[in-house]
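Remarks on the overall topology
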Amino acid sequence: MGFRELVRKAREEKGSPIVLALDLPPGKPSKLMRRARQVLEAAAPHVCALKVNFHLVLPLGLSGVRPLVDRAHELGLACIMDAKLSDIGSTNEVAARYYFEVGGFDALTASPLVGWEGGLEPIFSLARELGKGIILLAYMSHPGASDFFGLELPGGRRFYELVVERAVAWGADGLVVGATRPEAIRAVRELAGPDVLILAPGVGAQGGEPRAALEAGADFLIVGRSITLAEEPGKAAKRILKLLKEG
């Protein structure tokens, strides 16, 4: 089963499009691990996937994060490493292999800006070999993303539209488009077609409106601080999911 099938199956079984971004504030490794476990266990019934970033990988290391990934799998969640790989191909391939084989992740994110030949091609090949997924950044959620992703190109196209075109040609499993930009989500969905996943970060703390993102064509909502910083993460995740279902 490839990543797209895996995460779609998890969404269906959980009845939730929420990806938990387990991005915790800095702290001692032992404290971070305890809090990460607490948040994961509490939120798991209400989310379909786990996303890990450098917030945990840097202080805990891949071997330290692996128990969280394994537990997430036991809880029926797909696991994404938000690596945003953006180096030359040989370096990208080494990093991807560690994330997949040591970290146990099902997919990772990468930047399209390094291009294909000598850039992303090796990690796509590795992902296909291992049955893993690659998710490319199409339009990030923070305001400054418009400096480049929103650039108007000759002929009137936006840069992110070119990214989507390349991502489809390369066989990307998914695209990241900020929930803060529902108009971009709508355009990406039209360009990418129904098979490519759209994951929308920026819900909650960054002001992204979850319902608008889903209606525009997003498949998944990436939610972090609204859950991880809540006194009761499980109740926070349940509340967000309930609001989505009430529509």
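Above this note sits the structure.
An account of the accompanying structure is given in this report. As the structure is a computational prediction, the values presented were derived from the model and not from experiment.

Helix and strand content of the chain: 10 helices and 8 strands. In terms of overall dimensions, the chain is globule-like: its C-alpha atoms have a radius of gyration of 17 Å, near the 18 Å expected for 247 residues. Over its C-alpha atoms, taken along the principal directions, the chain stretches across nearly 50 × 40 × 35 Å. Counting over 247 residues, the chain shows a buried share of 55%. In the chain, the share of contacts with a sequence separation of at least 24, taken over all contacts with a separation of at least 6, comes to 70%. When the accessible area of the chain is evaluated, it comes to approximately 11,000 Å², of which 53% is carbon and sulfur surface. Of the charged side chains in the chain, 30 are positive and 29 negative; the average position of the first set lies 7 Å away from that of the second.

Spatial strand order, β1-β2-β3-β4-β5-β6-β7-β8: 8 strands in a closed barrel with parallel pairing. With strand direction ignored, the average angle separating the axes of adjacent strands in the sheet is 30°. Relative to strand β8 (residues 220–223), strand β1 (residues 18–21) runs parallel, the two sharing 3 bridges. Counterpart to L20 in the pairing with β8 is V223. Running at roughly 155° to β1, helix α10 (residues 233–246) makes contact with β1 and β8 of the sheet.

To continue, consider the pairing of β1. Side chains of β1 alternate between two faces, with I18 and L20 and V19 and A21 buried alike. Judged from the 3 bridges that link them, β1 and strand β2 (residues 49–52) form a sheet pairing that is parallel. Among the inter-strand pairings, A21 is bridged to a residue of β2, identified as K51. As for the winding sense of the linkage, the β-α-β connection from β1 through helix α2 (residues 29–43) to β2 is right-handed.

Counting across every chain of the model gives 5 aromatic pairs. Judged by centre distance (5.1 Å) and plane angle (50°), the ring pair of Y139 and Y160 falls under tilted. Of the two residues, Y139 is situated in strand β5 (residues 133–139) and Y160 in helix α6 (residues 159–170); the sequence distance between them amounts to 21 residues. Assigned by exposure class, Y139 and Y160 land together as buried.

For soluble globular proteins, the rule of thumb is that nonpolar side chains tend to be buried together. Of all hydrophobic cores here, the largest spans 93 residues; its most connected members are L56, F105, L108, I123, L136, L175 and I227. Looking at which element gives the most residues to this core, the answer is helix α3 (residues 54–74), with 8 residues. Leave out the neighbours within four places in its chain, and I227 touches I18, L20, V39, A43, P233, A236, A237 and I240.

By the definition in use, this model includes 0 disulfides. Its sulfur unpaired, C48 is 11 Å from the next cysteine sulfur, which belongs to C79. For C79, a relative accessible area of 0% gives the class buried.

Glancing now at the pattern of salt bridges. Enumeration according to the criterion identifies 15 salt bridges in this entry. A salt bridge links D70 to R66, with the shortest nitrogen-to-oxygen separation between them at 2.8 Å. Here D70 and its partner R66 are both found in helix α3, 4 residues apart, which amounts to about one turn of the helix. R66 sits in the partly exposed class, given a relative accessible area of 27%. One salt bridge in this structure joins E152 and R158, with 3.7 Å as the shortest N-O distance. We classify E152 as exposed; its relative accessible area is 52%. Linked by salt bridges that have partners in common, D23, K51, D82 and K84 make up one network.

What counts, and where the lines are drawn
- Residues numbered from 1 in each chain as written.
- Predicted model: local features only at pLDDT ≥ 70, side-chain atom pairs only at ≥ 80, totals over all residues.
- Heavy atoms only, no water.
- Helix = DSSP H or I, 4+ residues; strand = E, 2+ residues; numbered from the N terminus.
- Rg over C-alpha atoms; globule rule 2.2 N^0.38 Å.
- Buried < 20%, exposed > 50% of the residue type's maximum accessible area, 1.4 Å probe, protein only.
- Contact = heavy atoms within 4.5 Å.
- Areas by Shrake-Rupley, 256 points an atom, 1.4 Å probe, with all protein chains shown as cover.
- Lys, Arg positive; Asp, Glu negative; His and termini not counted.
- Charge placed at Lys NZ, Arg CZ, Asp CG, Glu CD.
- Pairing = 2+ DSSP bridges.
- Axes fitted to C-alpha atoms, helices over the stretch in contact; angles between N-to-C directions.
- Right-handed = clockwise from strand over helix to strand, strands pointing away.
- Phe/Tyr/Trp six-rings, centres within 6.5 Å; stacked < 30°, edge-to-face > 60°.
- Core = buried A, V, L, I, M, F, W, Y, C linked by side-chain atoms within 4.5 Å.
- Disulfide = S-S within 2.5 Å.
- Salt bridge = Lys/Arg side-chain N within 4 Å of Asp/Glu carboxyl O.

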